[in-house]
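Below, each chain spelled out in residue letters.
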Amino acid sequence: MNILEPTLNPKKTYEYEYEGVVKIGRDMADLAESGVKLQCTFKITGVSIQTFLLQIYNMVFEEFNGIPGQSSFKASPNLTKRLTDELNRPFTFEYSKGQIGDIKTGGEVSNTIVNIVRGIVGFLHVTVKTTQRVYELNELGIHGVCHSAYAIEENAASKELYVTQIVDINDCHPKAAMYQGMALAEENKNSQQRGKNAIATVKYAYTVKSVEGGGLITKASALERHHFTPFNVKGGNCNLQATRNIVLLKETDTVGKPVTGQVKSRGNLMYKMEKSVAPIPVVMIKLNDPVSKIADLIKRLAQDNIYQLNSTSSSDVLALIQLLRASTNDDLESLWKQLSGNNEHRRWFLDTVVEVTDDRVLKFLANRFKAGDISANEAGQALLVAFNHLTAEVELVESAKEFLTIPFSKSHPLLWNTVVLSYGSLVYRACARETPCPVNTVQPLLDMANNGLAKKDDKDMVLALKALGNAGHPLSIKTIMKFLPGFSVKADSLSTWVQTVAVQSLRHLASRDPLSVQDITLTMFADRTLPTEIRMLASMILLETKPSVALISAVVELLLQEMDLQVASFTYSNLRAISRSRTPDNQHLSTACNIAVKVLAAKFGHLSYRYSKALHLDWFHELLTGMSREFYVLRNGTSAIPTEIISKGKLYFIGRILQLTELGVRAEGLKELLTGRSEISEDFGAIDFATIMKIVNWQSFPKNKPLLSVYARVFGQEVSFLDLDLDVVQQILKSVTLTSSKENKIWNIIQHLQNGVSWHWTKPYLILETRFIQPTCLGLPVEISKYLSALTAITVNAKTVIKPTPKENLRELKLERYGAQLNSKTVMALPWKTDLKLNAKENNYELNFTPCKNTMELLSVNSDVYAVSRHIEDPMSAKMTPMMPDVGDLEQSFTDEGSEIYHPKLKYCAQASTYGTAFCTKVEAKRVHYLKEYPLYYFLGYTHFSCQLEPVRSVNPVEKIKIQISIGPQNHKSELSQMTVTQLIQGTDTAPEPVISVRVLAISPNVKEVGYEAAAYYTPAKQRDDIELIVSEVAEEVNWKICADLSVQKIQAEAHFKWGAECQTYEVALKVSTAGITGPKPFVNAEINWGDVPSFMQLLGKRVKEYLPGMSYVMGFYQKHEENTEHEVSAMLVASTHEGFDVKVKIPELTVYQQEIPSPFEIVGVESDNSNIYHM
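Residues numbered from 1 in each chain as written. Predicted model: local features only at pLDDT ≥ 70, side-chain atom pairs only at ≥ 80, totals over all residues. Heavy atoms only, no water.

With an unreviewed UniProt entry as reference, the chain is termed Vitellogenin domain-containing protein, source organism Pygocentrus nattereri.

J.: With reference to specific residues and values, describe the overall build of the chain.
T.: A count of helices and strands for the chain gives 29 helices and 47 strands. Accessible surface for the chain amounts to roughly 57500 Å². Of this, 55% is attributable to carbon and sulfur atoms. (Helix = DSSP H or I, 4+ residues; strand = E, 2+ residues; numbered from the N terminus. Areas by Shrake-Rupley, 256 points an atom, 1.4 Å probe, with all protein chains shown as cover.)

J.: Any details on the packing of aromatic side chains? Residues and values, ideally.
T.: Throughout the structure, instances matching the rule amount to 19 aromatic pairs. Between Phe387 and Phe403, the aromatic rings sit 5.5 Å apart at their centres with planes inclined by 85 degrees, giving edge-to-face as the arrangement. Taken together, the residues Phe387 in helix α9 (residues 376–389) and Phe403 in the loop between α10 (394–400) and α11 (413–431) connect sequence positions 16 residues apart. Connected via pairs of aromatic rings, a cluster forms that spans Phe369, Phe387, Phe403 and Phe408. Looking at Arg535, its charged tip hangs above the ring of Phe525, at a distance of 5.6 Å from the centre. Here the basic side chain of Arg713 rests over the ring of Tyr711, its NZ or CZ set 4.1 Å away from the ring centre. (Phe/Tyr/Trp six-rings, centres within 6.5 Å; stacked < 30°, edge-to-face > 60°. Lys NZ or Arg CZ within 6 Å of the ring centre and 35° of its normal.)

J.: So, the sheet that holds strand β10 (residues 178–180): which residues are in play, and what are the values?
T.: Ordered in space as β10-β23-β24, the 3 strands form an open sheet in which the pairing is antiparallel. Because the sheet does not close on itself, it has two edges, and the strands there are β10 and β24 (781–798). For this sheet, the mean angle separating the axes of adjacent strands, direction not counted, is 15 degrees. As paired strands, β10 and strand β23 (residues 757–775) are joined by 3 bridges and run antiparallel to one another. By the bridge assignment, Met178 is partnered in β23 with Ile773. With respect to the sheet, helix α5 (residues 313–325) is in contact with β23 and β24, its orientation differing from that of β23 by roughly 65 degrees. (Pairing = 2+ DSSP bridges. Axes fitted to C-alpha atoms, helices over the stretch in contact; angles between N-to-C directions. Contact = heavy atoms within 4.5 Å.)

J.: A description of the state of the cysteines should follow, citing residues and the corresponding values.
T.: Counted under the stated rule, the structure contains 4 disulfides. Two residues, Cys146 and Cys172, share a disulfide whose sulfurs are 2.0 Å apart. Where Cys146 bonds to Cys172 through sulfur, the torsion about that S-S bond is close to 105 degrees, and the disulfide is right-handed. A residue pair is termed long-range when its members are at least 10 positions apart, and Cys146 in strand β8 (residues 144–155) and Cys172 in strand β9 (residues 160–175) qualify at 26 residues. Accessibility classification places Cys146 together with Cys172 in one group, the buried group. Paired by a disulfide, Cys1043 and Cys1063 hold their sulfur atoms 2.0 Å apart. Given an S-S torsion of about 80 degrees, the disulfide between Cys1043 and Cys1063 has right-handed geometry. Taken together, the positions of Cys1043 in strand β38 (residues 1040–1049) and Cys1063 in the loop between β39 (1052–1061) and β40 (1066–1073) put the pair 20 residues apart, joining distant regions of the chain. Each member of the pair Cys1043 and Cys1063 is classed as buried. (Disulfide = S-S within 2.5 Å. Buried < 20%, exposed > 50% of the residue type's maximum accessible area, 1.4 Å probe, protein only.)

J.: With reference to specific residues and values, describe the pairing of β40.
T.: The pairing of β39 with β40 spans 8 bridges and is classified as antiparallel. Paired with Phe1057 across the strands is Val1068, a residue of β40. Taking the residues between adjacent antiparallel strands as the criterion, β39 and β40 are bridged by 4 residues, where Glu1062 takes a positive phi near 50 degrees. Here β40 runs beside strand β41 (residues 1083–1090); their pairing, made up of 6 bridges, is antiparallel. The residue bridging Ala1069 from the neighbouring strand is Asn1089, located in β41.

This is the structure we're talking about:
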């Protein structure tokens, strides 16, 4: 039998039966699933030699939601009619030698319907090689151009071929898929090599019958499987299964000429994504008449959240965003006119319209900027969110350029900063999708940088460089080099402030153009004429490029010759920190750094924390999740004030790396100003600022040089920064001066508080929207999406009575959708009415509030996983079935031998009957653990957690709770102060004054106050400092007290805890000695001993004694049974090497010890300066 390619006879009509099913769930018995089924009959008729007409009829659409075996598919007549109306239109396609070509239909037919047609006719698309039985190739299909593996079997008796095709949907280039919201989370290939969080394959099977002129496909089936988990698929996953079966019913000669009507090309077999953003999957509503629905919804949301947060509003916020995305430009302008007159409605509209993520929001905001009908504050908040949530397309970047030229953008410095930085962020996200990225996207920022350089304006240069850093455009590197010392004559004369910003602007280019950045940063690091700070930052950026072993070796050689110990300490500590890293992105770099540290340890391992340091801590699990945190302290010279401090972190998940919040502070100016100024007190208040203004030689300090620079980055993008220069400081001091004036902010606040203030603020915010959409073989899409939204509401009603009345000088005062869905909702609230009284002169404060009369929920978290089905024809009929059955059905339903039912319900309350209040926590979980399977099951099921205040019965009804706080010496002495003469250990015969005392009292009518009182005492001495805390009940007949004292000496600290009657019943003591910290092997010793202790502590000690041997063995500790001191636990920590430490722990009857435990921190020596202060 000859192997023949599939073909269709243009003179015949073929009638096929079609059934397609998609189901989503866990693919486990007794767990709920959802799904859809499409059934129809279709005819294929020849129009010409290679063109064929497709006609679809008898369409039936059914949906499934429930537990397999207990539920069944149910017809959906409304959606069936909707699909039939469009599928009845004529479709044509080109077909030759088993390959589908151009598909055509009317222009009015939606892409959704055309994609379903692609899924139907796709059964004809098969590559049969006439000379091979097994082969692989990349070919076009509905999923894209994907890698396929073929196998062919012959049946000579039936004259049929059996063709099997396996397609790896993860290996498609290009791929029919849409990624949204993940541009700032970079892919990490090393993480993906350790495991997959998503796997997708499809198996096609064809029966090809030999006919005249070729082969005819008589049967075709497809089985497609998708496995997804937020972790590693090996640890459990959510499954999608799609099946498609097509059978030839009959073959007849064509009668008459087929009528195709007016059709136009709709593309090839590859699935076509809608350009506009698809509807939010967790919300399905009809989108007709959006304007009235939006206005009504905003008014309702504003009203529902005006007094306290309504926990049901989160889904309404997503519905509002959905409606706004269905609105036109005219709709948005109409809504602005309707809603902008009311402050609440205006704020809700501005906070949500920014989620219209295309050119409509740009046009709307541009109109506001041009009209000037919003404030700079409103404009900054709206533009920041809009630009960072905008769909990252080059066309939209072009539109966004307009904001750089609208005069209103420069009306306020903070607004201008926001506009420029946000534009840079938009360029970064657009360039993540476009390779190469057009230079015109970043050209405005390049021009700004060059103009600032020409004008020698530091502020303009800094802003432009920060925006270029956000953009990370590969073609900006030549411009940035103009600001880097050693690469430009002009750059050498720039301030260190500008140069540091220029170095940090290379941070994104470190991954986009690592070779260029390596050349630049290594050159700066090697140049010992450059400022220390610049060289340290250059080394930091260099390591972010993930350099090779050879390049790390070059760094090592430079360090061995390094004379600047700040540079050496910083770079060495960074190499050492990375050498301990276990995250996938540092997989190869950590090995290279480990080799480097072994070479450098002898020379630089002893440098203490007085020098510049880098710290890196990380954690990564085989479930492909992890976190890291980095902390950098850059110093210059011998000053105790660091030049710069940077803190940043990363989150590792689903094969990607997301940079978390990064904060940076640069204090070079402040350091220069304050160093050596002994006149300035360390504990200075508002008045001392005026003194500083007089003492410091401000005239000698450059006006354009910042005293302090602070920046904040989120997801690697700088969102705000503040440069505190001389002008800003003088403005601040003027605004808080202690004499009344229009500019005095404190005076204005006091005036408002006396008149009464009512203020309300809400902020709905879509924190996270990530979506991944790809097709199934049926032409129906599958989506994995994550939504995280927050709604914050604050209401303040305040009025202040100030006695005496403040004078002018203030110194006297101080379509369809089916799938699995995780719903999680967190609600936090503090709905309290309070009144505050304060006497700033005597440092007395009093807070009164009413105890709860009903249960008051402070925090609640609820989550569950559902099988979901929705469709647009009847949104109200949406069905959500918990994937876990009800509790009563659990034992009957789950019969798998490997399963374990887990349903704890716990409630714990800590009662404070004195105050008539109890703090309670509730926990409930419903799980089925397949112990022989996967960790994912621990997240599957219902979860409830709440914290609440509940009223409890007290001896007397509590009218209010009073909290009194007194700071410093008081005119009257409390009973507690009088009794401390016998309690304190410093040997005085007069009662000391408490540093702070706090009384928490329950007030009841006609009854003496009851509650608790606490006082803290501090007695400094030449060789030691003593601190004591005493807590007692406020009642004459009660002598129960808690006494805690702490004595701190140069090499030793002791603490004693006593409680009971007059603090005499129970006692625990703690002693820490650092006497051995200056030796060749520094050590610290700690002891805990006790006398009489309560029974629950005795039981706890007994449990620890039983638990310690087994746990220490598991952790690799050695054990020795010996008679140690009774009623004592001691521990010794010895820094045996620079890389690790020894530990010895003694309890009665047992000693456990371990040597050379690796340390995450550098263990360095101890040195003393002239003030006898020890530094590690």
